[in-house]
Amino acid sequence: MAPKPKPKPTVSSPSQPPPPIEDLFTSLNLHIQRSQFDQAVKVADQILLVAPSDEDAIRCKVVALIKEDRIDDVLSVIQASQRLPVDLSFFKAYCLYRQNKLDESLESLKSQEGTSATMLLESQILYRLGKMDACIDIYHKLQKSKIDSLEINLVAGLVSAGRASDVQGMLDAMRVKATSSFELAYNTACSLIERSKYKDAEQLLLSARRNQVGQETLMEDNLADDDIEIELAPIAVQLAYVQQLLGNTPEAMEAYTGIINRNLADESSLAVAINNLVVLKGPKDISDSLRKLDRLIEKGNGAQRFQLSNGLESKLSPKQRETIYANRVLLLLHSNKMDQARELVAALPDMFADSVMPVLLQAAVLVRENKSGKAEEILGQFAEKFPDKAKVVLLARAQVAAAAGHPQIAAESLSKIADIQHLPATVATIVSLKERAGDIDGAEAVFDSAIQWWSNSMTEDNKRTVIMQEAASFKLKHGREKEAACLYEELVKSHKSLQALIGLVTTVAHVDVDKAESYEKQLKPLPGLKGVDVESLERTSGAKHVQSDSHVEVTEAYEESKNKDKAKKKRKRKPRYPKGFDPANPGPPPDPERWLPKRERSSYRPKRKDKRAAQVRGSQGAVVREKHEATGTDTSANISNSKSDQATTSKGSSQSVAPSQSKPSSKSSKKKSRK
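In what follows, the accompanying structure is described.

Of note in this structure, N100 is not a glycine but carries a positive phi near 65°. Residue position: N100 is located in the loop between helix 5 (89-98) and helix 6 (102-109). What makes N100 partly exposed here is its relative accessible area of 27%. At R175, a residue that is not glycine, the phi angle is positive and equals roughly 55°. For R175, the location among the structural elements is in the loop between helix 10 (167-174) and helix 11 (182-194).

Okay, here's the thing in structure tokens:
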């Protein structure tokens, strides 16, 4: 075996020196101008090998990584550069904002100066946190900085803050038209929707998508048709929503379905379309609705058990995310999937700590499980813990208690809502609930409290008269004539009400007849009653009604004219023939006996009886017994009958364990021939 040749010693080539740092920066600038951010990151790494603490190279690398959506890599670079004298807290705050870590992002901005970029990022963080008033204040401060498209964010903030009526005045003050960009047109249309101006919103959205600012602007940028549809998807979804609000349900469902099936929309618009379509379908086709919502929700890891897919957590507002989860819970309740509903409801309080929706959904699950008492308890605890959010919760508690047959708890819940407890509808509801519970004194106290409140109220639309009228009727109904008379008398003196005067006369007649007669004189006399002697009418036994001939004639004439009118109104209608029937060629007439049973028809022929049934079958040589030979003694007959009965009984008892089904035999028994 020949020895292996020794490898030739390799001559180490001298390492090439790095290019000058000036050339590297020139190359870095060229890649950034060409939007080649991946190459820019590589060149920045080469610069950092030569100058590890170069601030410009680090900043260029961080920005290039952000452009490449490599947020985790950016945070790693910032973490590695902490010892260097480079302030990257603004970039850290932006990356945390991109990761939806809003509180950490806001904390990172505190060390920054109040520059325009810092204030703009802070306003975006506050917008996502739902702190709209603080967000709008920052936007107003930024108006002097002349930031491009600032009006778009400002309109969005005003709409989200519930100040849609201020949008038009703000646009006029900034001298900006709503159709200057399709983003601004979209936000302005949202403000019109909030003000219930649906037709105006529809026209603005259509013009934004079709003519002025939408499709034409995108076509000038040489975008493909699919890309244009993706860019305009929010406007298409909002147009479908306007149709939904206008009551055009088929058109809205068709639009939503088309957006979902084409799948040419951004994630947030697609999520909104799916949610709205599920709402329109309601409890119909629950399985399909659940499948659509399952595309948006996935189980998370760690503390957050559920999260939205496709980055929707950062793209949708908290209200939109909460709505999607709430609709899924309702669908699970409709489909009777209680375990999944309980699991999702248990996770919602941590996800939406400042909202009342989780506790309302939890109460809905308990009511579905026939645990109304537990639902009332948790709603009451939440109302005591968060009094500023208690109104909706107390209304829900009242509804649950009333449906469960607990009227006292329902009345108590309504009485705790200070801003509506004295309104006529609320007073009527509380009185009805207390009356159902048998608490008449409590119901009367509710009336008295409401009358006192409206007496001290300085509002223009005062409801004191209405409540006093109902209170008097209630007290009269429950035998409290004196209190009812006082209320009626006050109404007569203050408002000169005819209804109150009638009620006063009727009520006081039970207590003080003289007083009732004095008030009765204030009533206007009825015409035609002056010549009537009331005392003589009281002494008579009563007149009998006799139908006169003239009245009969009038009645007959009226009936005859009525019948004539009916005869005139009748009109001949064309006969409706069955499908495919030709009246010109009808064919043979149908059988007139087709509705009769077969046995009653003239064409019925009964089936022939089988004559073979009378033949005697048995062994060879068997003799047929005649009737006169079949009689025997009474004793033998009794014995044979008892034996047959015993055999039948034993056979029946043995067969009663498992009933068997008799089948006709298909083979005849073969007899052996004798030789």
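The subject of this paragraph is the packing of helix 17 (residues 267-281) against helix 18 (residues 286-294). In contact at an axis separation of 10 Å, helix 17 and helix 18 are set at 165° when each is read in the N-to-C sense. Taken as axis vectors, helix 17 and helix 18 run roughly antiparallel relative to one another. Crossing handedness for the pair helix 17 and helix 18: left-handed. Residues I274, L277, V278 and K281 of helix 17 pack against D288, S289, K292 and L293 of helix 18. Tallied by class, residues from the contact of helix 17 with helix 18 come to four nonpolar, one polar and three charged.

Quick look at helix 28 (residues 464-477) now. Taking 1.5 Å as the rise per residue, helix 28 with 14 residues should run 20 Å; its terminal C-alpha atoms sit 20 Å apart, in good agreement. R464, I467, M468, A471, A472, F474 and K475 are the residues of helix 28 that are buried. Down the axis of helix 28, the buried side of the element spans an arc of 165°, and every buried residue falls inside it. Just past helix 28, the residue G479 takes up positive phi, approximately 75°.

Another aspect to go through is the packing of aromatic side chains. Enumeration over the complete set of coordinates arrives at six aromatic pairs. Here the aromatic rings of F447 and F474 are separated by 5.5 Å at their centres, their planes lie at 50°, and the arrangement is tilted. With F447 in helix 27 (residues 440-456) and F474 in helix 28, this pair connects stretches of sequence that are 27 residues apart. With relative accessibility at 6%, the residue F447 sits in the buried group. The side chain of K389 reaches across the aromatic face of F386, ending 5.3 Å from its centre.

Turning next to the nonpolar core. Counting 47 residues, the largest nonpolar core has V393, V431 and F447 as the members making the most contacts within it. Those residues within four positions of V393 in sequence are excluded, and the remaining contacts are V356, V359, L360, L379, F382 and A383. If you look at the next biggest cluster of nonpolar residues, it comprises 41 residues, including L106, A201, I235 and L239.

Procedures and definitions
Residues numbered from 1 in each chain as written. Predicted model: local features only at pLDDT ≥ 70, side-chain atom pairs only at ≥ 80, totals over all residues. Heavy atoms only, no water. Helix = DSSP H or I, 4+ residues; strand = E, 2+ residues; numbered from the N terminus. Buried < 20%, exposed > 50% of the residue type's maximum accessible area, 1.4 Å probe, protein only. Axes fitted to C-alpha atoms, helices over the stretch in contact; angles between N-to-C directions. Parallel < 35°, antiparallel > 145°, perpendicular 65-115°, else oblique. Left-handed = near helix turned anticlockwise from the far one by under 90°. Contact = heavy atoms within 4.5 Å. Nonpolar A, V, L, I, M, F, W, Y, C, P; charged D, E, K, R; others polar. Expected span 1.5 Å × (residues − 1). Arc of directions from axis to C-beta. Phe/Tyr/Trp six-rings, centres within 6.5 Å; stacked < 30°, edge-to-face > 60°. Lys NZ or Arg CZ within 6 Å of the ring centre and 35° of its normal. Core = buried A, V, L, I, M, F, W, Y, C linked by side-chain atoms within 4.5 Å.

Purely geometric numbers; function is a separate question.
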